[in-house]
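Residue strings, one per chain:
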Amino acid sequence: MPENITVHAAHNSAAVGVIYQAAPRARASWPYLVGDIPREAEAFQERDETEQLRAAVANGGTAVLCHVLRGAGGVGKTQLAAHYARSSMQAGELDVLVWVSASSRPAVISAYAQAADELLALGPGDSERSAQAFLTWLEPRPPGTEQTCRWLVVLDDVADPADMTGLWPPKNPHGRTIITTRRRDAAVPGQRIDLSVFAPEQAAAYLTGFLAEHGRHEDSGEISALAGDLDYLPLALSQAAAYVVDAGVPVGCPGCTHEQCRNYRRRLADRATKLATILPEPDALPDDQSTTVAAAWSLSIERADALRPFGLARPALQLAAVLEPNGIPQDILTSQPACDYLTNHRSAATPTSAPDTEVTEQDAWDALRNLHRLSLIDHTPDTLHQAVRVHRLTQRATRDDVFAPNEYDQLTRAAADALMSTWSEVERDTALAATLRANATALTGHASNSLYQPTIHPVHYRAGQSLGESGQADAAVLYFQDLVEAASRHLIAGHPDALVARRLLADYRSMSGDASRAVAALKELLLEMREEFGQNHQETLSAQLSLAHSRGISGDASGTVAAFEELLPKVKNEFGENHTLTLSTRLILADWLGKAGDPSGAVAAAKELLPDMKRELSEDHPETLSTRMVLADWQGIAGERSEAVAELERLASDFLAARGADHPDTIASRMLLARWRIKTGDLAEAVADYKEVLAAMMRAFGADDPRTVGALFCVTSLQAMTGEIPGHAPQGFAGQM
């Protein structure tokens, strides 16, 4: 590098091209560093983004000279930029490196002025003018000037693009700029590299290395589990590891192997423990860190709250903080209950802009976008069922900030209301249903007592029923067992909601094959229901219907028919001819007529019921489609096989359109069609049907589910019968179908 540097600096924004000949201050050697590069973290991990950044810079040419490392607080943006800068210096690729802490406009101007002072020897003066002089020095040299200076400017932690107006480094084929920021604004220039958390193996390697440097050697399984508990966030990993070391037992303590990580995980899992209490003190943070994980997002939330619509980012994040971190449907967070919560909990420390104005769906959407801009959430509207994702520790820190118990209860009930408002009574999308159940599980885990007082919130019932409707009767039994136990803890004995939970438990026990136990439970429950609700209350009648149905499953078909025929007039009298409970009762009775040995009676009852179902519910309502399936099956048994196959072909298509390929009802209709094709001798079409059934069962239930195993048996047996594969079908297989 020559001793003199030709500088083109402007006195002010209006001046142009004033040329200085300025001698740089004495320095021992190049490259020259202005500012302080953060020291490399202990157990630093190479990442894919490291090579991505190096490749991007190396291949940038004159087109891409500015690169932006974007990501949430704590993902390691600064460490990656520092590693690249340090490596570039050591490789002799730079003459000048300027490291700028860019958290505010004054901080940037001060750093630029320092660079002008050190590189250009301008001496103390007006900081703004010195900063502009430095920026001018970064510009390309005039034509004919041979002097080149390879520079790198790192703008670390740009908090607000507005702070950088007029301060972005210029494009220069010999210069590079790296920006680290939590912001995703289009106003931040450069090629984006989005930085996320460590990969699981990187997180485990980091913890292992950090602890080893401090004489700790923990079980690899516990280390991997702890990394997962912290959701692989680099900042959290380093601070948790430091806490484990600082709070640990003496090295070599007998019987203490593996205990520190395990104990830390227990405390982390305790929802009553504040995150801040299991992190190092602010003056004991590792790697020269300036903030704890618990506080890492506070400034970002404040900035998001200051964006239009003012004051909505924080309450929107609070709602997201009690739901499923790996995917929240956008409609939950923009629903009317969510808007009501935002209206009532708008942050106070915001500009005065009609704070009492009711929040609209568009406002709620904008609040999500603001959170996304600040990297507090990932908002991808095109991902239909998982549009919002939030890091678990962001959620934990947000929940910790809701101090008053009554406010926390309001939050969880609002989230439950928002979830229920988007949960359709008829589930037509199995993927959406699974996502809603995951969100309900997360919410109920965070809610404690609030969703049991003064009554059990409907979201508890809906989540369990959704499990059953998805074909997971055994899982529904376990779910309602837990709900009944929870109701006994939170509600007084005999509470009406607890009785409803017990009835649903009995229903799913019957569906899962334990009908005798369900019968015993329902007999006991009916006595309490009659006392609590009365003889003709809907819940009492529903329990009686459940009891009759369970008796049929346990083997008493004729008794079930008699019970339903006795109950049907009561249901009609109490609720009317067209009530859903009346229609459902007629449907179940029609099916049991056939099972009791009267297929013609079943056909007649189903034919009479079908027009009422279509009129009162709709052509594609699940109950209407189920009525058609019952009718077609008993038509076939009554001897109308060709009519049954034709109707089941139409029905399979209608179920597919209404409920999707993987819904249990669609699978059941397709399976029934295959069975009737076997009975009519159409084995080739039956093989095709069963293959589709098998594929759907693999997706919906898994390979080890007994239903999937049974479908696989049917496919291979049919293939053997048709000669598609060598082998022999089991004797009497076609007749059994």
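Everything numeric in this text was worked out from a predicted model, so none of it was measured.

Here the focus is the overall build of the protein chain. For the protein chain, the helix and strand inventory stands at 30 helices and 10 strands. The buried share of the protein chain, taken over its 737 residues, is 51%. Pairs at least 24 apart in sequence give 68% of the contacts found in the protein chain among residues at least 6 apart. In the form shown here, the protein chain has an accessible surface area of approximately 32400 Å², with 51% of it arising from carbon and sulfur atoms.

For Gly445, the location among the structural elements is in helix H16 (residues 430-447). The spacing of Gly445 and Arg271 is 174 residues in sequence and 9.3 Å in space, taken between C-alpha atoms.

Moving on, we come to the pattern of salt bridges. Applying the stated criterion across every chain, the model contains 36 salt bridges. Note that Asp612 and Arg615 form a salt bridge whose closest N and O atoms lie 3.0 Å from each other. Taken as a pair, Asp612 and Arg615 lie in helix H24 (residues 599-616) at a separation of three residues, close to a single helical turn. On the basis of relative accessibility, which here comes to 16%, the residue Asp612 falls in the buried class. We note a salt bridge from Arg677 to Glu685, for which the minimum N-O separation is 3.9 Å.

Counting buried residues in strand S6 (residues 151-158) gives seven out of eight residues, a clear majority hidden from the surface. Looking at chain direction, strand S5 (residues 96-101) and S6 are connected through six bridges and run parallel. Note that in S6 the partner of Val96 across the bridge is Trp151. Two elements, S6 and strand S7 (residues 175-181), share six bridges in a ladder whose sense is parallel. Its bridge partner being in S7, Val158 is matched across the sheet by Thr181.

This next bit is on helix H3 (residues 105-120). For H3, spanning 16 residues, the distance from its first C-alpha to its last is 22 Å, which sits close to the expected 22 Å at 1.5 Å a residue. Taken as a whole, H3 has its buried residues at Val108, Ile109, Ala111, Tyr112, Ala113, Ala115, Ala116, Asp117, Glu118, Leu119 and Leu120. Positioned one or two residues after H3, Ala121 has a phi angle of 55°, which is positive.

Bringing the packing of helix H7 (residues 234-246) against helix H8 (residues 259-269) into the picture now. For the pair H7 and H8, the least separation of the axes is 10 Å and the interaxial angle reads 120°. Accordingly, the angle class assigned to the pair H7 and H8 is oblique. Every pair of crossing elements has a handedness; the one defined by H7 and H8 is right-handed. Residues Ala240, Tyr243 and Val244 of H7 touch H8, and the partners they reach there are Gln260, Tyr264 and Arg267. Classifying every residue of the contact of H7 with H8 gives four nonpolar, one polar and one charged.

Here the idea is plain: a probe the size of a water molecule rolls over the atoms and shows the empty space left. By volume, the second largest pocket is sized at about 960 Å³. Forming the boundary of the second largest pocket are 38 residues, of which Thr78, Gln79, Asp156, Leu235 and Gln289 lie nearest the centre. Of all the secondary structure elements, the ones that give two or more residues to the lining of the second largest pocket are helix H2 (77-90), S5, S6 and H7. Looking at the lining of the second largest pocket, the element that brings in the most residues is H2, giving four residues.

Another aspect to go through is the packing of aromatic side chains. Counted under the stated rule, the structure contains seven aromatic pairs. Note on Phe198 and Tyr206: the rings are 6.1 Å apart at their centroids and 40° apart in plane angle, and the pair reads as tilted. By the burial criterion, Phe198 is buried, and Tyr206 matches it. Among the aromatic residues, those joined into a cluster by ring pairs are Tyr112, Phe134 and Trp137. Over the ring of Trp676 we find Lys679, and its NZ or CZ is 4.5 Å from the ring centre. Lying across the ring of Phe701, Arg707 places its NZ or CZ 3.7 Å from the centre.

Strands pair in a sheet through their backbones, by hydrogen bonds, and they do so in one of two ways: parallel or antiparallel. Pairing in this open sheet of six strands is parallel, and the strands run S3-S5-S6-S7-S4-S8 from one edge to the other. Of all the strands in the sheet, the pair left with one neighbour each is strand S3 (32-34) and strand S8 (191-194). Each neighbouring strand pair of the sheet contributes to a mean axis angle of 15°, computed without reference to strand direction. Relative to S7, strand S4 (residues 66-70) runs parallel, the two sharing five bridges. Note on S7: the bridge partner recorded for Val68 is Ile179.

A word on the side chain of His621. For His621, the position within the fold is in the loop between H24 and helix H25 (622-637). Reaching out from His621, the side chain makes a polar contact with the backbone nitrogen of Glu623 at a distance of 3.0 Å.

As a further point, take the side chain of Ser88. Structurally, Ser88 can be placed in helix H2. Excluding residues within four positions of it along the chain, Ser88 makes contact with Arg54, Glu93, Leu94 and Arg176.

Take the packing of helix H21 (residues 538-553) against helix H22 (residues 557-575) next. A pair of packed helices is captured by two measures, namely the crossing angle of their axes and the spacing between those axes. The interhelical angle for the contact between H21 and H22, taken along N-to-C directions, is 165°, at an axis separation of 8 Å. With respect to H22, the element H21 is oriented roughly antiparallel. Considering only the axes of H21 and H22, their crossing is left-handed. Each of Gln538, Leu541, Gln544, Leu545, Ala548, His549, Arg551 and Gly552 in H21 lies in contact with H22, whose residues at this interface are Ala557, Thr560, Ala563, Phe564, Leu567, Lys570, Val571, Glu574 and Phe575. Looking at the contact of H21 with H22 residue by residue, the class counts come to nine nonpolar, five polar and three charged.

Conventions we followed
Residues numbered from 1 in each chain as written. Predicted model: local features only at pLDDT ≥ 70, side-chain atom pairs only at ≥ 80, totals over all residues. Heavy atoms only, no water. Helix = DSSP H or I, 4+ residues; strand = E, 2+ residues; numbered from the N terminus. Buried < 20%, exposed > 50% of the residue type's maximum accessible area, 1.4 Å probe, protein only. Contact = heavy atoms within 4.5 Å. Areas by Shrake-Rupley, 256 points an atom, 1.4 Å probe, with all protein chains shown as cover. Salt bridge = Lys/Arg side-chain N within 4 Å of Asp/Glu carboxyl O. Pairing = 2+ DSSP bridges. Expected span 1.5 Å × (residues − 1). Axes fitted to C-alpha atoms, helices over the stretch in contact; angles between N-to-C directions. Parallel < 35°, antiparallel > 145°, perpendicular 65-115°, else oblique. Left-handed = near helix turned anticlockwise from the far one by under 90°. Nonpolar A, V, L, I, M, F, W, Y, C, P; charged D, E, K, R; others polar. 1 Å grid on protein atoms, 1.4 Å probe; cavity = no way out; pocket = protein on both sides within 12 Å on 5 of 7 lines; lining within 4 Å. Points joined across faces, edges and corners; volume = space filled by probe spheres on them. Phe/Tyr/Trp six-rings, centres within 6.5 Å; stacked < 30°, edge-to-face > 60°. Lys NZ or Arg CZ within 6 Å of the ring centre and 35° of its normal. Polar contact = N/O pair within 3.5 Å; in protein donor to acceptor, adjacent residues only side chain to side chain.

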